[in-house]
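Commentary on secondary and tertiary structure
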Amino acid sequence: MSKQQSLFDDAPAEWELDAQSQRLVATVVLGEGATGEYDYLVPEALSDRERGEYFLEVGRRVRVPFGRSNRKVVGYCVALETKLVDAARLKSVAEVIDAHALLSPAMLRLTRWMADYYLCKWGEVLEAVVPAGVRLLAGTRKVTLLAVPEDVRETMGQLKLGSPQQRKALDYLAGCGRTLTTAQLADAVGCTAGPIKQLLKKGLIESHEKRVRSGEFDEITAERESPLVLNEDQQRAFDAINAALESGEARGMVLFGVTGSGKTEVYLQAIERVVGYGRQAIVLVPEISLTPQTVRRFRARFDGVAVLHSHQSHVERHREWQRIARGEVQVVVGARSAVFAPTPNLGLIVVDEEHESSFKQDSSPRYHARDVAWQRAQAEEIPLVLGSATPSLESWYKTEQSEFARLDLPSRVSNRPLPDVVTVDLRDSAHTKFSRGAISRPLHQAMVAALRDQGQVILLLNRRGFSTHVQCPACGYVAECPACEMSLTFHRQESILRCHYCDYHEPPPVNCPDCKSPAIRYGGMGTQKLEAEVLARFPEHTCERMDTDSMRKAGSHQQVLDRFSKGEIDILLGTQMIAKGLDFPNVTLVGVINADTALHLPDFRAGERTFQLVAQVAGRTGRGEKGGRVLVQTLSPEHMAIRAAVRHDFEMFAEEDLTTRRQLGYPPFGSMIRILVRGPAEETARAVAEGLAERLKREVTGEEGIRIMGPAAAAIPKLRDHYRFQIQLQAPTLDPLRSAVQRATTRWKVPDGVFLAVDVDPWDMM
DNA sequence: GGGAGAATTCCG
DNA sequence: GGAATTCTCCCA
């Protein structure tokens, strides 16, 4: 973010001082276009709150003339101050757009911090923080209301009017005791708009504009539930959060609790306290967990619950935002962007499943909601609770450094044991000989036993489609996406080859396009093929598949889960969407078809993700009387992430992985910025990436401990016809990296058709 | 010197 | 981000 430039480089000269005067000046940041802050004069009519709703205050949007052509642009008023300025050199604010501030001064500071931290424009952050529905004032319309001015009212009787209808209209309006629209007045008097226009023209009636809501909405209510009794561990965690609430300080806490340990009840009771103080709480949950049941759980305990997520209409979101801003809401439940909810008196932020990737936004501003939440908590001096069974190593390390407190919920509620987890070594020929399918002999036998005892089974396979590659055994040809050069997946239901990175698809070949051989082979296991295998092995049992392909229709997700919970489905198989948050007591077996899918990706978090996935899917079983088992099929049973997951030992995993990360300087022991350069022309993109790397290296010469790697082709080297190159920067602290990137990219124009994406604290390394 | 097109500057 | 201004190159 560039510093505010002064109009004068030096102190003003004697003659210039004459032009200075004390004026009310608004500092404006543009929503898009030019970066920087621009000062405008505030006209009398907009500075006076006595003269209507549309006066200027910090946090509202304005329309201002900008540039040499004075085109009107939208900006955010970030400061308002009476100061000595040369009025002749400033333009004036043209219009105030909002009737209420969209951002409090504290939120403005938070967005400013984001722009600095994530190396993007302040205006861009502001546009991302205020939902589009709010910016567009969705669900409201402008009406023009008429009234008789006070001075006219006094002399009305003696006035000579142009027509009897004007008289009637004026008398009616003066007598009705409220303001009316033109249509209402015309209707009441039985005239057209003509006489009313005449009165307006003569100044006998005045008009002002107002925004009104265009429709009313029903309040959703849920059946009330009372708080549960906390067990000893929950009580201890609750007490700690409570102490933090009473301290009036910003305190970060990691609520480390295995799946099923009752984290939510702790949140709920802590929020009750917050509400008791007359304050609000924000609960962030991953996008996929934001289901009707999750929301119902909060509605059953609190009166005002607002929900914010990306699938809402503009009107809904605008309505929720306004309710929150008016202080009518006690609890805001939402995905990532709910961290910006305009609560007037925030008391607590909870981030549930804080390790989830959906808290990181993958377009600019590439913020992480957990980190923004901590920033907001510090600014508002309130506690932040991060809940997870498998905390991110970033948060975990903060507890080790005592920056965050650690609150443990080591046991499941009603002391159910964690399920037994065993690995099945897929390298063992005894297993593989049994069948060429995905299900090994031990897994098959475990399924038979579980189903025989009336239990339900969950199978996890993180690959959609039928077969993951289509190959000609004669010449080696592999069907690839022309836009991404990644192998195409065969989807049997639609009978189509599909690219999983873009929307490309084509019909499957009958003969090999290269050598005309008819013997095309469909290799690799996807959920559709697994489904076929399960149906073949267990014809007498019901099986349902759950992945993004089978769950296209809205509500189908919920439908399948309902049927599964009623026991109408014996075997549920699917991608990681079945690994999260489901709670079905009758699930006695979980099978992980291939635990290694994420393990060998070129990503320093590969181990962390594998551990999380196995630990989470393991948590889906053993929630009922019958207990549960987990079978993890893997080619790397000795890998530390898998060994630790089998033992339910997060601490062992964390200790080992942190040791490796410390040696290599990876987060949390160092900071990282990833820059992706992409474009349709491979050589141009490469050249730009090389040029940028050169500039970066020049910027950091002589600085200690900074590593610049690349440019290198990204892990997905081509995507949607764009060639991708990445540069990775690492250093013990972030500041030198940020300033190097800033110096290397400001006033550096990338050629048309080449795009830069700067990602601070990247999560996605592909 | 002047015109066209590219590069750069600046916007309050 | 876009328009105005400045720079640069070529030709006469």
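Counting restarts for each chain: residues are numbered from 1 in the order of the written sequence. For naming, the first written chain is A and the first written ligand is 1, with later ones following in the order written. Local features in this predicted model are restricted to residues whose pLDDT is 70 or higher, and side-chain atom pairs enter the listing and the counts only when it is 80 or higher, whereas totals over whole chains, interfaces and linings include all residues. Processing note: side-chain calculations cover all non-hydrogen atoms of the structure and skip hydrogens and water entirely.

1. Brief notes about the overall build of chain A
Test applied: Secondary structure elements follow DSSP: runs of H or I of four or more residues count as helices, runs of E of two or more count as strands, with numbering from the N terminus. Classification of residues uses two cut-offs on accessible area relative to the type maximum, computed with a 1.4 Å probe and protein chains only: under 20% is buried, over 50% is exposed, and between them is partly exposed. Only heavy atoms matter for contacts: two residues are in contact if any of them lie within 4.5 Å across the pair. Working definition of accessibility: Shrake-Rupley area with a 1.4 Å probe, residue cover restricted to the visible protein chains. Two residue types count as positive, namely Lys and Arg, and two as negative, namely Asp and Glu; His and chain ends fall outside the count. Where a charge lies is defined by one atom per residue type, namely NZ (Lys), CZ (Arg), CG (Asp) and CD (Glu).
The number of helices and strands found in chain A is 24 helices and 30 strands. Principal axes of the C-alpha set define a box for chain A whose edges measure 105 × 65 × 65 Å. Per-residue burial over chain A gives 51% buried out of 766 residues. Put simply, of all contacts in chain A between residues at least 6 apart along the chain, 74% involve residues at least 24 apart. In the form shown here, chain A has an accessible surface area of approximately 35700 Å², with 48% of it arising from carbon and sulfur atoms. Separation between the mean location of the 96 positive side-chain charges and that of the 99 negative ones in chain A comes to 4 Å.

2. Digging into the nonpolar core
Our working rule: In this description, a nonpolar core means a group of buried Ala, Val, Leu, Ile, Met, Phe, Trp, Tyr and Cys residues linked to one another through side-chain atoms lying within 4.5 Å.
Leu-103, Phe-340, Ile-673, Ile-675, Leu-696 and Leu-729 are the most contacted members of the largest nonpolar core, which totals 116 residues. Apart from the residues within four sequence positions on either side, Ile-673 is in contact with Leu-119, Ile-727, Gln-728, Leu-729, Leu-734, Leu-737, Arg-738, Val-741, Val-758, Asp-759, Val-760 and Pro-762.

3. Comments concerning the sheet that holds strand β15 (residues 404-409)
Here is the rule we go by: Two strands make a pair as long as DSSP finds a minimum of two bridges between them. Between the N-to-C directions of two axes lies an angle of 0 to 180 degrees, each axis being a line fitted to C-alpha atoms and, for a helix, fitted only over the stretch in contact.
Taken in spatial order, the seven strands of this open sheet run β11-β12-β10-β13-β14-β9-β15, and their pairing is parallel. Both outer strands of the open sheet, β11 (305-308) and β15, are each paired with one neighbouring strand and no more. Sheet twist, expressed as the average angle between the axes of neighbouring strands with direction ignored, equals 20°. Note: strand β13 (residues 346-352) against strand β14 (residues 384-388), four bridges, orientation parallel. Its bridge partner being in β14, Asp-352 is matched across the sheet by Gly-387.

4. Concerning the protein's contact with DNA strand C
The line we're drawing: The criterion for a residue being near a molecule or strand is simple. One of its heavy atoms has to lie within 4 Å of it. Identification of polar contacts relies on pairs of N or O atoms within 3.5 Å, with a donor-acceptor requirement for protein atoms, meaning one able to donate a hydrogen and the other able to accept it, and with residues adjacent in sequence counted only if both atoms are side-chain atoms. Following the grouping adopted for this structure description, the nonpolar residues are Ala, Val, Leu, Ile, Met, Phe, Trp, Tyr, Cys and Pro, the charged ones are Asp, Glu, Lys and Arg, and the polar ones are all others, Gly among them.
Near DNA strand C the following residues occur: Gly-33, Ala-34, Phe-66, Arg-68, Ser-69 and Arg-71. The sugar-phosphate backbone supplies 64% of the atoms of DNA strand C found within 4 Å of the protein. Separating a sugar or linking oxygen of DNA strand C from a side-chain N or O atom of Arg-68 is a distance of 3.1 Å. Residues that form the surface near DNA strand C fall into these classes: two nonpolar, two polar and two charged.

5. A look at the pairing of strand β26 (residues 629-634)
Counted only if it meets this: Seen with its strands pointing away from the viewer, a crossover is right-handed when the path leading from the first strand over the helix to the second is clockwise.
The buried fraction of β26 is high, at five of six residues. Sheet analysis places strand β16 (residues 420-425) next to β26, joined by six bridges and oriented parallel. Counted as the bridge partner of Val-424 is Gln-633 from β26. Inspection of the sheet shows strand β25 (residues 587-592) paired to β26 by four bridges, in the parallel sense. In the sheet register, Gly-591 faces β26, and the bridge partner there is Leu-631. Taking the sense of rotation as the criterion, the β-α-β connection linking β25, helix α20 (residues 606-618) and β26 turns out right-handed.

6. Some points on the packing of aromatic side chains
This is how the line gets drawn: Whether two aromatic rings pair depends on their centres lying within 6.5 Å, for rings of Phe, Tyr and Trp, where Trp uses its six-membered ring; planes under 30 degrees apart make the pair stacked, over 60 edge-to-face, and the rest tilted.
In this structure the tally under the stated criterion is 17 aromatic pairs. Both rings, one in Trp-374 and one in Phe-404, keep their centres 5.0 Å apart while their planes meet at 80°; by these two values the pair is edge-to-face. A residue pair is termed long-range when its members are at least 10 positions apart, and Trp-374 in helix α14 (residues 369-380) and Phe-404 in strand β15 qualify at 30 residues. Ring centres 4.9 Å apart and planes at 80° place the aromatic pair Trp-396 and Phe-650 in the edge-to-face group. A residue pair is termed long-range when its members are at least 10 positions apart, and Trp-396 in helix α15 (residues 393-400) and Phe-650 in helix α22 (residues 650-664) qualify at 254 residues. Grouping residues by exposure puts Trp-396 and Phe-650 together as buried.

7. Notes on the packing of helix α3 (residues 105-117) against α14
Formally: What sets the label is the angle itself: under 35 degrees gives roughly parallel, over 145 gives roughly antiparallel, 65 to 115 gives roughly perpendicular, and the rest give oblique. By convention, the crossing between two helices is left-handed when the near helix turns anticlockwise from the far helix through less than a right angle, and right-handed when the turn is clockwise.
Viewed as axis vectors pointing N to C, α3 and α14 meet at an angle of 135°, and their least axial separation amounts to 10 Å. With respect to each other, α3 and α14 are oriented oblique. Where α3 crosses over α14, the handedness of that crossing is right-handed. On the side of α3, the interface is formed by Met-107, Leu-110, Trp-113 and Met-114, while α14 contributes Asp-371, Val-372, Gln-375 and Arg-376. A breakdown of the residues in the contact of α3 with α14 according to their chemical character gives five nonpolar, one polar and two charged.

8. Brief notes about the sheet that holds strand β24 (residues 571-574)
Spatially, β16-β26-β25-β17-β24-β23 is the arrangement adopted by the six strands of the open sheet, whose pairing is parallel. Taken across any chain shown, the strands that pair with only one partner, and hence form the sheet edges, are β16 and β23 (543-546). Direction aside, neighbouring strands of the sheet carry axes that sit 15° apart on average. In this structure, strand β17 (residues 456-460) lies alongside β25, joined through five bridges in parallel fashion. Each residue of the ladder has a partner; that of Val-457, found in β25, is Leu-589. Each of β17, β23, β24 and β25 is contacted by helix α19 (residues 556-565), which is oriented at about 145° to β23, the strand it contacts most.

9. Section: the domain arrangement of chain A
To keep it simple, the criterion reads: Those domain boundaries reflect an automatic or database domain assignment. Here the quantity called buried area is the accessible surface, traced with a 1.4 Å probe, that two parts lose on coming together, added over both. Counted as salt bridges are all cases of a side-chain nitrogen of Lys or Arg within 4 Å of a carboxyl oxygen of Asp or Glu.
One can read the domain layout of chain A as domain 1 (13-101), domain 2 (140-213), domain 3 (232-413), domain 4 (416-463 + 525-661), domain 5 (466-524) and domain 6 (671-760). For domain 5 versus domain 6, the distance between C-alpha centres works out to 34 Å. Counting from both sides, the interface comprises eight residues of domain 5 and, opposite them, seven residues of domain 6. Sorting the residues of domain 5 by area buried against domain 6 places Ala-483, Cys-484 and Tyr-501 first, and these three jointly supply 56% of that buried surface. Between Glu-485 and Lys-718 there is a salt bridge whose closest N-O contact spans 3.2 Å. At the boundary of domain 5 with domain 6, the tally comes to four residue pairs in polar contact (both at pLDDT 80 or more). A breakdown of the residues in the side of domain 5 that touches domain 6 according to their chemical character gives six nonpolar, no polar and two charged.

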